[in-house]
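Remarks on the overall topology
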Amino acid sequence: MKKLQHSIRLKLHYIKAFKAELQPRRYELGMLAGFKVLLLGLGLVSPLLFKLLIDRVIVQQDLKALWLICSGYAAVYIMQSAVTGGQTFVGNKFTNRVTFAVRTALWDRYLNMPLSTYCQLNTGDLKGRIDQDTDAVDRLFKVQLMEYAYSFAYLLAGAAMMAVFSWKLALVALLMVPVSFWITSKLGIRAREVSTSYRQIYGEYEGWLQQSIQSWREIKINRMEKRSSLKFTGYWHAMSKVFFQKEMYWFLNRVLQEFKDLFITRMNLYFLGGLLIFHGEMTIGGLLVFMKYYEMLFTQLRAINDFDMQFNGDVPGLEKISSMLAETPDTKNTTRVKPAADQNHLPVLQFKNVSFYYNVEGSAVLRDISFAVQPGARIAIVGRSGSGKSTIIKLMLRICQPFHGSIQLGGRELQQIGEAELRKSFGVVMQNPAIFNMSILENVKLARPAASTAEIKEACRLAEMEEYIGKLTHGYDTVIGEKGVQLSGGQKQRLALARVLLSDAKIIILDEATSMLDHITEAAVHQTFAKLPSDRTVIIIAHRLSSVMYADEILLLDNGQIADQGKHQKLWMENTLYRLLFENGAGSSGPVVAANRT
Ligand SMILES: Nc1ncnc2c1ncn2[C@@H]1O[C@H](COP(=O)(O)OP(=O)(O)OP(=O)(O)O)[C@@H](O)[C@H]1O
Ligand SMILES: [Mg+2]
């Protein structure tokens, strides 16, 4: 009984988790409950007509009653069909709308997750939540709420009717009910465990599959076909094994229930019923109608057990969805502080003794980092690969949180700045920028949807895209394929640079954003950034000296610490690591930028 209570409580818990999505559909839910009550009443009438048929028509040879019984059967059938039709119509509408609302809410949560969550996200798992787990929500309402309640009501009504015809037989039949729930609860625990591991493998598989499809080039180039094929069969092998186990638990549950209900209980009931008729305590019709109600009870009991087994399998998916819906969007998570009236004297960005670990068990990736960026400054961050440059950017964008120290944006703690304002403040171009399957014009326009075509074209010109676009048959309207497959690496970078130039962002971050450009184009792009109005601050991370040597301040990172800082001349003269970093790239295209900086 405790297990049953627990299962019902759990169902109610999940139903409550979708309260916001259910609330607008409460009238449909009421209508469905009404239909179910009607169906329940009609279902209980049929066996009574059957009793009349046996006792009045067959035993007592009363032919007049036959007409009455036939009309009764016809009326019940017509009403049942009409009510079932209405219930199907309203039920489908109800569940479609509720699952649509849940899917939309999930997508909304995905778009508004705290930035740090995206880093840990398994794409396959998320896809599973939106595609498959929402089917579990559909079943929660359709099956676990409506059908379950209906079956339970039917079960109670059937038990009451059985008691009316023979309380002694009813007692024997009902003694078996707790055994049914016991079997299901035992097998259900295993079914739930198996479903959880199935869900986990499937999530990993989806993520891997997605990545493999996108990385077909790398697979071919690195001749990873065999490994990839083995991985694919490995996943499916694991999934089939778990799926098989899941099906076997279902089957075992069904076999045990049928053995108990069809074989043991039914045999005993007929035997005891026969004795009662023999002693004149029951009519033949009475026993047959009792057995009809027993069948009804048994069918509903089996349905309830099946629903419970199914629910156990759905719990992992429901848990994932409800926990994602319960997450507070990042925009609501911050106590906002208004910007100071006069920010001009404040550093636009300031790191104070910042330390950071990706893994608490591992060593610190950044240690005691302190620096200030004045408005309009050109700052460069340099250092060996893995020294922590991109991590500093992740901290600035709040993708990661510092473990120690503070980061301020315009004099305010980064934590206290609203998500929208934070995103608006930064314009970021990474080494592999995101390009969408839209036209060039639309891709650039994403940065500022209100921008005019002339402004977009100007941004493309400044990003050295004009020549390339001029050669295209459809010019700016050329659709550049999924992830920009029709563009070279350098063209993608320039498109992203055009985007950031068009944006209103006051702080522009270029993290190896020009690494794929030839020296001539790169020099021209840096000229553009050097000439930007002084209200725009630029932070550049690059491995080429030509990209950084004219910065107002260069931060040299080594092993997660600021090893040195200052202008190029000073570092070149005084710091061996700095010289080692750039010895081969010095002077390549720098003078062009220098000439235009002042
Ligand atoms: N998501 C992550 N989880 C765990 N460790 C990470 C993660 N991202 C980076 N690291 C580690 O943190 C250190 C700094 O990485 P970061 O990307 O900041 O280096 P970088 O200076 O930008 O290097 P590069 O010049 O190669 O881009 C590296 O040792 C890296 O392995
Ligand atoms: Mg990096």
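Here's a quick rundown of the structure.

Rules and cut-offs
- Residues numbered from 1 in each chain as written.
- Chains lettered and ligands numbered in written order.
- Predicted model: local features only at pLDDT ≥ 70, side-chain atom pairs only at ≥ 80, totals over all residues.
- Heavy atoms only, no water.
- Helix = DSSP H or I, 4+ residues; strand = E, 2+ residues; numbered from the N terminus.
- Buried < 20%, exposed > 50% of the residue type's maximum accessible area, 1.4 Å probe, protein only.
- Contact = heavy atoms within 4.5 Å.
- Areas by Shrake-Rupley, 256 points an atom, 1.4 Å probe, with all protein chains shown as cover.
- Lys, Arg positive; Asp, Glu negative; His and termini not counted.
- Charge placed at Lys NZ, Arg CZ, Asp CG, Glu CD.
- Pairing = 2+ DSSP bridges.
- Bend = angle between axes of the 7 residues up to and from the residue.
- Near = heavy atom within 4 Å.
- Polar contact = N/O pair within 3.5 Å; in protein donor to acceptor, adjacent residues only side chain to side chain.
- Nonpolar A, V, L, I, M, F, W, Y, C, P; charged D, E, K, R; others polar.
- Axes fitted to C-alpha atoms, helices over the stretch in contact; angles between N-to-C directions.
- Parallel < 35°, antiparallel > 145°, perpendicular 65-115°, else oblique.
- Left-handed = near helix turned anticlockwise from the far one by under 90°.
- Phe/Tyr/Trp six-rings, centres within 6.5 Å; stacked < 30°, edge-to-face > 60°.
- Lys NZ or Arg CZ within 6 Å of the ring centre and 35° of its normal.

**Focus: the overall build of the protein chain**
The helix and strand inventory of the protein chain stands at 23 helices and 10 strands. In terms of overall dimensions, the protein chain has a C-alpha envelope of 115 × 55 × 50 Å along the principal axes. In the protein chain, which comprises 598 residues, the share counted as buried stands at 46%. In the protein chain, 78% of the contacts between residues at least 6 apart in sequence involve partners at least 24 apart. Split by element, the accessible area of the protein chain, about 30,700 Å² in all, is 60% carbon and sulfur. Here the protein chain contributes 69 positive and 53 negative side-chain charges, whose respective centroids are spaced 5 Å apart.

**Thoughts on the side chain of S322**
With respect to the element layout, S322 can be found in helix α11 (residues 284-326). Excluding residues that lie within four positions of it along the chain, S322 makes contacts with Y14, A17 and F18.

**Thoughts on the pairing of strand β9 (residues 553-558)**
Summarising the sheet, strand β3 (residues 378-383) and β9 pair through five bridges and their orientation is parallel. Within the sheet, the bridge partner assigned to A380 lies in β9 and is I554. Connecting β9 to the next strand, strand β10 (residues 561-566), in antiparallel fashion are two residues, including N559 with a positive phi near 50°.

**Quick look at α11**
Taken as a whole, α11 carries its principal kink of about 45° at D314; the proline P316 stands between one and four residues after it. Most of α11 is tucked away, with 31 of its 43 residues classed as buried.

**Observations regarding the site of ligand 1**
The full set close to ligand 1 counts 13 residues, and S385, G386, K389, S390 and T391 are the nearest of them. Within the side chain of Y358, a nitrogen or oxygen atom sits 3.4 Å from a nitrogen atom of ligand 1. The contact in question runs from an oxygen atom of ligand 1 to an N or O atom on the side chain of E512, over 3.4 Å. When the free accessible area of ligand 1 is taken as 630 Å², the share hidden by the protein chains comes to 58%. Across the shell around ligand 1, the residue classes tally to two nonpolar, seven polar and four charged.

**A word on the sheet that holds strand β2 (residues 366-373)**
Strand order in this open sheet of four strands is β2-β1-β4-β5, and the pairing throughout is antiparallel. Edge positions in the open sheet fall to β2 and β5 (412-413), since each of these has one partner strand only. In this structure, strand β1 (residues 349-356) lies alongside β2, joined through five bridges in antiparallel fashion. Pairing of F356 across the sheet is with L366, part of β2. Helix α13 (residues 389-396) rests against β1, β2 and β4 (404-409) of the sheet, and its axis sits at about 115° to β1.

**Topic: the packing of helix α7 (residues 167-175) against helix α8 (residues 177-214)**
Where α7 meets α8, the axes come as close as 4 Å, and the angle between the chain directions of the two elements is 10°. On the basis of their axis angle, the class for α7 and α8 is roughly parallel. Side by side, α7 and α8 meet where A173, L174 and L175 of the first sit next to V177, P178 and V179 of the second. Split into classes, the residues belonging to the contact of α7 with α8 amount to six nonpolar, no polar and no charged.

**Describing unusual backbone geometry**
We note that N353 has phi near 50°; this positive angle belongs to a residue other than glycine. Phi is positive for R398, which is not a glycine, with a value near 65°. Checked against the element boundaries, R398 lands in the loop between α13 and β4. In this structure R398 comes out as buried when scored by relative accessible area, which is 4%.

**As for the packing of α7 against α11**
In the contact formed by α7 and α11, the axes pass within 12 Å of each other and the chain directions differ by 25°. Overall, the two elements α7 and α11 adopt an arrangement that is roughly parallel. Here the hand of the crossing between α7 and α11 comes out right-handed. Along the contact surface, α7 presents L169, A170, A173 and L174, while α11 presents L287, F290, Y294 and L297. A breakdown of the residues in the contact of α7 with α11 according to their chemical character gives eight nonpolar, no polar and no charged.

**Comments concerning the packing of aromatic side chains**
The description of an aromatic ring pair rests on the distance of the ring centres and on the angle between the ring planes. Counted by the stated rule, this structure contains 24 aromatic pairs. Between F94 and F141, the ring centres sit 6.1 Å apart and the planes meet at 75°, which makes this aromatic pair edge-to-face. In this pair, F94 is assigned in helix α4 (residues 63-111) and F141 in helix α6 (residues 123-165), connecting sequence segments 47 residues apart. Using a relative accessible area of 0% as the deciding quantity, one classes F94 as buried. Each residue in the set Y198, Y202, Y205, W208, F232, Y235, W236 and F243 is aromatic and connected to the rest through ring pairs, giving one cluster. Lying over the aromatic face of Y148, K11 brings its terminal NZ or CZ to 3.2 Å of the ring centre. One cation-aromatic arrangement involves K36 over Y150; the distance from NZ or CZ to the ring centre is 4.5 Å.

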